[in-house]
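Summary of structural features
Residues per chain, in single letters:
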Amino acid sequence: MFEVEDLSQASPATVSRCGMVLMEPKQLGHTPLITSYCNNLEKLIGKISETVRGYMHYLSDCCIEYTNKVGKFPVPTDPNFLVNSMLNMFECYVKDWRSTEVAVKIPKEADEMLQHAVLFAHIWSIGVALDEFTRPKFDVFFQDILMNEDVNAKYNLDLPNFELKKVAVKLGEYKSVFDLYFDRDKLAWINWLKTVPPYVVPRDVTYAQLIVPTIDSIRMNKLMTMLVLNGKYPMFCGPTGTGKSITVGNELMRSFDNTEWIYLNMSFSAQTSANQTQRIIDGKMEKRRKGVYGPPLNKMGLIFVDDLNMPQKEVYGAQPPIELLRQWMDYGGWYDIDTNEKEYRHIVGVSFCTAMGPPGGGRNAISPRYVRHFNVIYIEPYSQESMNYIFNNVMDWLFLINQNPSYSGGIKGMRDNIVNNTITIYKLI
Ligand SMILES: Nc1ncnc2c1ncn2[C@@H]1O[C@H](COP(=O)(O)OP(=O)(O)OP(=O)(O)O)[C@@H](O)[C@H]1O
Ligand SMILES: [Mg+2]
């Protein structure tokens, strides 16, 4: 049996020789995904899973219906992928309870904690995949859900059998739901900026090494580590210059270069071939046993593929390097290309993280069969606030390293004006 994405390359003869059964994802819908996940969760946490089940069905129905109507997704996606991403994100909050190695005691606050986790999972899977124009609308919509409004009537959603469900948990003080991170240990929502220590401009770095943390980079780092450590795959997508490469590259060095992890940072271009990609990855792998390869023993490997959608499409519309990586996702490996035996190499102990610009202008739309394995995280262009914050810190760094002679107080005092006006002029031209 073959499963095809579409019939765009099939001739009428091919079609007539095969028995075709056309299935559309929406015939299945997202409900069975949640039902089956929660049935499994019930084995772990018993009756508490019923609350989770209720919230997940309610929020997913509302959010999917709303985003179908209003949302714009820079990476083409499907409601079922989004719900799957939501389940991945939620799983990060319960994954360690599944451990079979250590005896795990489910905390007594689990019920409340998981209600928060369901909210977080929806915001950071469905909401975060939206572009910068429809995300604020989703924010308002989600806040209405939290205020227990009848969103079906208010937004003309057309949800069959809609029953208003009261959301019992509160998020505290916030402007946008995208400002907050839910901390499981503290059982509290915290502004992303407060999840890291205050930034101090370092003296001993070069200009190229200077990375100023902004709310976007803090969120990227946190979501990336959360997903990767729980065996999920993040895909960052955002316009050029949003700090994807620099932020992920920095996080790789900080969190994935230690006794437990090694990383591989690779970048695709229009000319990258499948064989090159395979050789680069294979070159970093060691033989574990016959036919099985992986990173050095006792380590996990994280492979970061930057500019993922750059490879040129071949004549039938596929991007071979991406198809190779998809084969790993689906079948766990690839055939050795350098020996006559063409042995199948299972690649174990690796995880993937990817980044790319939105499709368009030389960047291709990638196969949905690859995208479905990822949690898509869209990075918005820097806000004016973040931009000012970055450049103010860059100026501070300049004042700090030039001590002999140092800049006068008068010049230092002009920092905000210099930054503001430079950005204004840049935007004008
Ligand atoms: N938070 C930051 N602090 C300091 N410099 C930054 C920051 N964010 C971006 N930059 C600067 O912007 C440049 C572009 O960032 P980067 O290459 O990571 O963007 P990108 O999102 O990967 O873009 P592209 O889609 O074109 O690959 C960096 O080289 C860096 O100089
Ligand atoms: Mg980049």
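Structure first, text after, so check above.
Here we summarise the structure given alongside this text. (Residues numbered from 1 in each chain as written. Chains lettered and ligands numbered in written order. Predicted model: local features only at pLDDT ≥ 70, side-chain atom pairs only at ≥ 80, totals over all residues.)

Digging into the site of ligand 1
Worth spelling out the cut-off: The C-beta atom of each residue is placed using the backbone, and any residue whose C-beta lies within 6 Å of a molecule or strand is treated as near it. What counts as a helix is a DSSP run of H or I of at least four residues, what counts as a strand is a run of E of at least two, and both are numbered from the N terminus. Ten residues, namely Ala, Val, Leu, Ile, Met, Phe, Trp, Tyr, Cys and Pro, are considered nonpolar, four, namely Asp, Glu, Lys and Arg, are considered charged, and the remaining ones, Gly among them, are considered polar.
Of all residues adjacent to ligand 1, which total 16 residues, the nearest are T240, G243, K244, S245 and I246. If one sorts the elements of the shell around ligand 1 by residue count, helix α10 (residues 244-255) sits on top with three residues. Residues of the shell around ligand 1, tallied by class, amount to five nonpolar, nine polar and two charged.

Thoughts on the packing of helix α4 (residues 48-70) against helix α5 (residues 79-94)
What counts here: Fitting a line to C-alpha atoms yields each axis, with helices limited to the stretch in contact; the angle taken between N-to-C directions then spans 0 to 180 degrees. Roughly parallel covers angles under 35 degrees, roughly antiparallel covers those over 145, roughly perpendicular covers 65 to 115, and oblique covers all other angles. Throughout, a crossing is termed right-handed when the near helix is turned clockwise from the far one, and left-handed when it is turned anticlockwise from it by less than a right angle. Distance between backbone-placed C-beta atoms decides contact: two residues are in contact if it is within 7 Å.
Packing of α4 against α5 leaves a shortest axis separation of 11 Å and a crossing angle of 140°. Between α4 and α5, the crossing angle belongs to the class labelled oblique. For the element pair α4 and α5, the recorded crossing hand is right-handed. On the side of α4, the interface is formed by S60, I64 and N68, while α5 contributes P79, L82, V83 and M86.

Quick notes on the sheet that holds strand β4 (residues 261-267)
Rule in force here: Whether two strands pair comes down to DSSP finding at least two bridges between them.
In spatial order, the strands read β4-β7-β10-β3-β11; together these five strands make up an open sheet with parallel pairing. Looking along the sheet, the strands with just one partner apiece sit at the ends: β4 and β11 (375-378). Pairs of neighbouring strands in the sheet enclose a mean axial angle of 20°, with direction left out of account. In the sheet, β4 pairs with strand β7 (residues 300-306) via seven bridges, with the strands oriented parallel. Following the sheet pairing, I262 is matched in β7 by G301.

Details of the sheet that holds strand β8 (residues 333-335)
Taking strand neighbours across the sheet as the criterion, the four strands line up as β5-β6-β9-β8 in an open arrangement whose pairing is mixed. Only two strands of the sheet have a single neighbouring strand rather than two, namely β5 (286-289) and β8. Between one strand and the next, the sheet's axes are offset by a mean angle of 35°, whatever the strand orientation. Of the pairings in the sheet, the one linking strand β6 (residues 292-294) to strand β9 (residues 344-347) comprises two bridges and is parallel in character. Pairing of Y293 across the sheet is with I347, part of β9. The strands touched by helix α12 (residues 320-331) are β8 and β9; relative to β8, the strand with the most contacts, the crossing angle is about 120°.

Some words on the pairing of strand β10 (residues 350-356)
Operational definition: Neighbour density around each residue's C-beta defines its exposure: 20 or more other C-beta atoms within 10 Å make it buried, 12 or fewer make it exposed, and counts between make it partly exposed, where C-beta atoms are placed from the backbone.
Extensive coverage of β10 is indicated by the burial of six of its seven residues. Strand direction decides the pairing type here: strand β3 (residues 234-237) and β10, joined by three bridges, are parallel. Pairing of F236 across the sheet is with A355, part of β10. Two elements, β7 and β10, share five bridges in a ladder whose sense is parallel. For V305, the partnering residue across the bridge sits in β10 and is T354.

Brief notes about unusual backbone geometry
Phi at N156 takes a positive value of approximately 50°, unusual for a residue other than glycine. Mapped onto the elements, N156 comes out in the loop between α8 (151-154) and β1 (180-183). Using a count of 8 C-beta atoms within 10 Å as the deciding quantity, one classes N156 as exposed. Its identity as a non-glycine residue notwithstanding, K342 has a phi of 50°, on the positive side.

Looking at the pairing of β3
For a regular strand, side chains alternate in direction, first toward one face of the sheet and then toward the other. With burial as the criterion, each face of β3 is covered, one bearing P234 and F236 and the other bearing M235 and C237. In the sheet, β3 pairs with β11 via four bridges, with the strands oriented parallel. Bridge pairing in β11 links C237 to Y378.

With respect to the nonpolar core
The line we're drawing: Put simply, a nonpolar core is buried Ala, Val, Leu, Ile, Met, Phe, Trp, Tyr and Cys residues tied into one set by C-beta atoms within 7 Å.
By size, the foremost hydrophobic cluster in this structure holds 78 residues, and its most contacted members are V118 and V376. Here this core gets ten residues from one element, more than from any other, and that element is α5. Apart from the residues lying within four places of it in its own chain, the contact partners of V118 are V52, Y55, M56, L59 and F90.

Side note on helix α11 (residues 274-283)
Going by this rule: The arc in question is the one traced by the directions running from the helix axis out to the C-beta atoms.
Of all the residues in α11, the buried ones are A274, T277, Q278 and I281. In a view along the axis of α11, the buried residues occupy a sector of 95°, so they form one face of it. The exposed residues of α11 that point more than 90 degrees off its buried face are R279 and G283.

Details of α10
For an α-helix, 3.6 residues make a turn, and residues three or four places apart therefore share a direction. This is how it is decided: Expected helix span is given by 1.5 Å per residue-to-residue step, counting one fewer step than there are residues.
Over its twelve residues, α10 extends 16 Å from the first C-alpha to the last, a length consistent with the 16 Å expected when each residue adds 1.5 Å. Residues of α10 that are buried include every one of K244, T247, V248, E251 and L252, and no others. Looking down the long axis of α10, one finds its buried residues gathered within 135° of arc, a one-sided arrangement. Structural note: α10 exposes M253 and R254 on the side pointing more than 90 degrees away from its buried face. On the buried face of α10, the contacting elements are α9 (215-229), β3, β4, β7 and β10.

Shape descriptors only; they carry no functional weight alone.
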